[in-house]
Amino acid sequence: MDDHLTIFSNTVSKSKEEIVTLEDIFNTYPHLTEIDLERGHEFVNSVRNGKKVPSLKFATEEDAEEITQIFKEVYDNTYPYKKMESVSEVQRMISDPNYYWIVFTLKPDITVGCIGIHLNFELKVANFFGFAFREGFRQKVDIATASLACMVAPVYKFRDRILIWYAEIRSSFSSIQYLAKTAGLLPIAFLPNKDIFFNHPESEILFTIYGRDVLFKYRSSKKPELISQAIFCYFHTFQKYSLELPTIKNYEKIESELNNSEIAHNKNQLRKRIERDEFGNELITFSIKGTDSYIQFQYYKNIKIAEKTIFKVSKVEELQLFLREIKAFIITSKLRYFEAYLSAYNSEHQALFFNAGFKPTGYIPAFKYNRTRNDFEDQVVFVHHEKELDKYVYLIPETEEFLKSIKYYKELQKI
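Residue positions are given per chain, counting from 1 as you read along its sequence in written order. The predicted origin of the model limits local features to residues at a pLDDT of at least 70 and limits the giving and counting of side-chain atom pairs to 80 or more, whereas totals for whole chains, interfaces and linings rest on all residues. Only hydrogens and water are set aside when side-chain values are computed; all heavy atoms of the structure are taken into account.

Visitor: In this structure, what is going on with the environment of Trp101? I would like to understand it.
Guide: Position of Trp101 relative to the elements: it lies in strand 4 (residues 99–106). We call a residue buried when its accessible area falls under 20% of the maximum for its residue type, exposed when it is over 50%, and partly exposed in between, using a 1.4 Å probe and counting protein chains only. Its relative accessible area of 1% is what places Trp101 among the buried residues. C-alpha of Trp101 to C-alpha of Ile115: the two residues are 14 residues apart in sequence and 5.8 Å apart in space. Numbering of helices and strands runs from the N terminus, with a helix taken as a DSSP run of H or I at least four residues long and a strand as a DSSP run of E at least two residues long.

Visitor: Explain the pattern of salt bridges here, please?
Guide: Note on pairing: side chains with opposite charge can pair once their charged atoms come close. For this document, the term salt bridge refers to a Lys or Arg side-chain nitrogen within 4 Å of an Asp or Glu carboxyl oxygen. Per the counting criterion, the structure on display carries 29 salt bridges. Between Glu398 and Lys181 there is a salt bridge whose closest N-O contact spans 3.8 Å. Of this pair, Glu398 sits in helix 12 (residues 397–405) while Lys181 sits in helix 6 (residues 174–182), and the two are 217 residues apart along the sequence. Put simply, Lys312 and Asp292 hold a salt bridge, and the shortest N to O gap is 2.9 Å. Taken as a pair, Lys312 in strand 15 (residues 305–312) and Asp292 in the loop between strand 13 (282–288) and strand 14 (294–300) lie far apart in primary sequence, 20 residues in all. Via salt bridges that share partners, Glu168, Lys194, Glu307, Lys308 and Glu339 belong to a single interconnected network.

Visitor: How should the confidence of the model for the chain be read in this particular structure?
Guide: If pLDDT is low for a region, its predicted coordinates should not be looked at in detail. The quantity called pLDDT is the predictor's confidence in a given residue, expressed from 0 to 100. On average, residues of the chain carry a pLDDT of 91, and 95% of them reach 70 or more. Here residues 1–17 scores under 50 on pLDDT; set against residues more than four positions off or in separate chains, the count is 23 contacts. Contacts are residue-level and defined by heavy atoms, with any inter-residue pair within 4.5 Å sufficient.

Visitor: Explain the packing of aromatic side chains to me, please; I cannot follow it from the model alone.
Guide: The relation between two aromatic rings is expressed through the spacing of the ring centres and the mutual angle of the planes. Two rings from Phe, Tyr or Trp (for Trp, the six-membered ring) form a pair when their centres are within 6.5 Å of each other. A pair whose planes differ by under 30 degrees is stacked, one over 60 is edge-to-face, and the rest are tilted. Counted according to the given criterion, the structure contains 34 aromatic pairs. Taken together, a centroid distance of 4.3 Å and an interplanar angle of 40° make the contact between Phe58 and Tyr100 tilted. Within this pair, whereas Phe58 is found in strand 3 (residues 55–58), its partner Tyr100 is found in strand 4, the two being separated by 42 residues in sequence. Of the two residues examined, Phe58 and Tyr100, each falls in the buried class. Through pairs of rings, three or more aromatic residues link up here, namely Phe71, Tyr75, Tyr79, Tyr81, Tyr99, Trp101, Phe129, Phe197, Phe198 and Tyr300. Across the ring face of Tyr156, the terminal group of Arg159 is positioned such that the distance to the ring centre comes to 3.9 Å. Charge-over-ring contacts are defined here by two conditions on Lys NZ or Arg CZ: a distance within 6 Å of the ring centre and an angle within 35 degrees of the ring normal.

Visitor: How do you make sense of the nonpolar core when you look at a structure like this?
Guide: Note on soluble globular proteins: their nonpolar side chains tend to be buried together. Residues belong to one nonpolar core when they are buried, are Ala, Val, Leu, Ile, Met, Phe, Trp, Tyr or Cys, and are joined through side-chain atoms within 4.5 Å. In terms of nonpolar packing, the biggest core is built from 143 residues, with Trp101 and Trp165 touching the most fellow members. The element contributing the most residues to this core is helix 5 (residues 143–157), with nine residues. With near-sequence residues (within four places) excluded, Trp165 lies in contact with Leu22, Ile117, Leu119, Ala126, Phe128, Pro154, Val155, Phe158, Leu185, Phe207, Thr208 and Ile209.

Visitor: Help me understand helix 12 in this model?
Guide: The periodicity of an α-helix, 3.6 residues per turn, causes residues three or four positions apart to be oriented the same way. All buried positions along helix 12 are accounted for by Thr399, Phe402, Leu403 and Ser405. Down the axis of helix 12, the buried side of the element spans an arc of 160°, and every buried residue falls inside it. The arc in question is formed by the directions pointing from the helix axis toward the C-beta atoms.

Visitor: Teacher, can you tell me more about the pairing of strand 5 (residues 110–120) here?
Guide: Two faces make up the sheet, and in a regular strand the side chains alternate between them. Taken across its eleven residues, strand 5 has eight buried, putting it largely inside the fold. Summarising the sheet, strand 4 and strand 5 pair through eight bridges and their orientation is antiparallel. Its bridge partner being in strand 5, Tyr99 is matched across the sheet by His118. Where strand 5 meets strand 6 (residues 125–133), seven bridges bridge the pair, whose relative direction is antiparallel. Looking at the pairing, Cys114 lines up with Ala132 of strand 6. Between strand 5 and strand 6, which follow one another and run antiparallel, lie four residues, and Lys124 among them has a positive phi close to 65°. Any two strands between which DSSP finds at least two bridges are classified as paired.

Visitor: Looking at this structure, how should I read the packing of helix 10 (residues 316–333) against helix 11 (residues 347–355)?
Guide: Angle between the axes and distance between the axes are the two parameters that describe a pair of packed helices. It is at 10 Å that the axes of helix 10 and helix 11 come closest, and there the two elements cross at 25°. With respect to helix 11, the element helix 10 is oriented roughly parallel. In terms of crossing hand, the pair formed by helix 10 and helix 11 is right-handed. On helix 11, the residues that touch Val316, Leu319, Gln320, Leu323 and Lys327 of helix 10 are Glu348, His349, Leu352, Phe353 and Asn355. Classification convention: Asp, Glu, Lys, Arg as charged; Ala, Val, Leu, Ile, Met, Phe, Trp, Tyr, Cys, Pro as nonpolar; all other residues, Gly among them, as polar. Taken together, the residues of the contact of helix 10 with helix 11 sort by class into five nonpolar, three polar and two charged. To define axes, lines are fitted to C-alpha atoms, for helices over the stretch in contact only, and angles between the resulting N-to-C directions are given on a 0 to 180 degree scale. We call two directions roughly parallel when the angle between them is under 35 degrees, roughly antiparallel when it is over 145, roughly perpendicular when it lies between 65 and 115, and oblique otherwise. In this scheme the handedness of a crossing depends on how the near helix is turned from the far one: anticlockwise by less than a right angle means left-handed, clockwise means right-handed.

Given below as structure tokens:
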């Protein structure tokens, strides 16, 4: 087997033309940065290539019912995240300054599509979600122009407060992947079988775009420390963003070196808390009495997935105990998918997750803001998923290239 660092050293440097930042997008689409979605925007050329270009605007609470109706129609009442079908929940998001909904309309007052934005000003990151377009209008409406505008305009509006943007995009929609790429977002992580659409499992791809300073000025100066199993994910990002060489560490005997008596003691002090919302989703927390160590994740019972994992431990023995509980939870709850974003600087934690059945599926540079140091830390995506992957995929070349680089492409090929 080739030495991992030798592989890096022999790699040809990326061309500058391939590095896309927020500033590049503003320079590419200066006319779209002038759009004011608060006021609403109508395109001067309302017809392109025989298709109507819809108007755009930030939604008001009066638009909430129409947005929920779009999700019910487009997904035939099977959309996995039920809050999108709740008028009161969408109204709550619209009134929340950390959320924006954009609606696509045709004259006189036909709403044909929508997309949501979640802004985390504290962590300087935002994501696009909930893109939906009524099927009866897809061949009549210029979705591409409207979609590009509704991505570039808010990115420019919040350019001083939001420095990283991302979107989880369905692997079955190459057109949406292409639109993301056109707007400068690049595939960076694979989320195998994460969602269920029309009662069918489907993988997603995480696309990201950064402000230039995040990557080249405020990215943490710490050197990435990875287990060898994560090297292919890093290699992809290394090529795209011209990163430094990482430190590679292996822990073949890490579990045998753990203090099992301490794990057993902590097991007796283990506590579990469950908080349920009105849609049946559960926020689950495992903690150890007498310490401030914990692990927490969001469990979507209806589609059998867990995400938004965060944890704090003072010893690897504590993390090992939490992972044993998570493995038991995966089995008893028949989970299809469990996602965790880990520090790119702690190979011990990565090794424990890997030994617990999690696989590295993406390396995301400068993705976690550290408020104390005012810098951005790299993260590695680890996923526990069903072995058999959904084969219903339509990929753009950039997504194919990414999946090949992280050694997942063959698993998605139709038999």
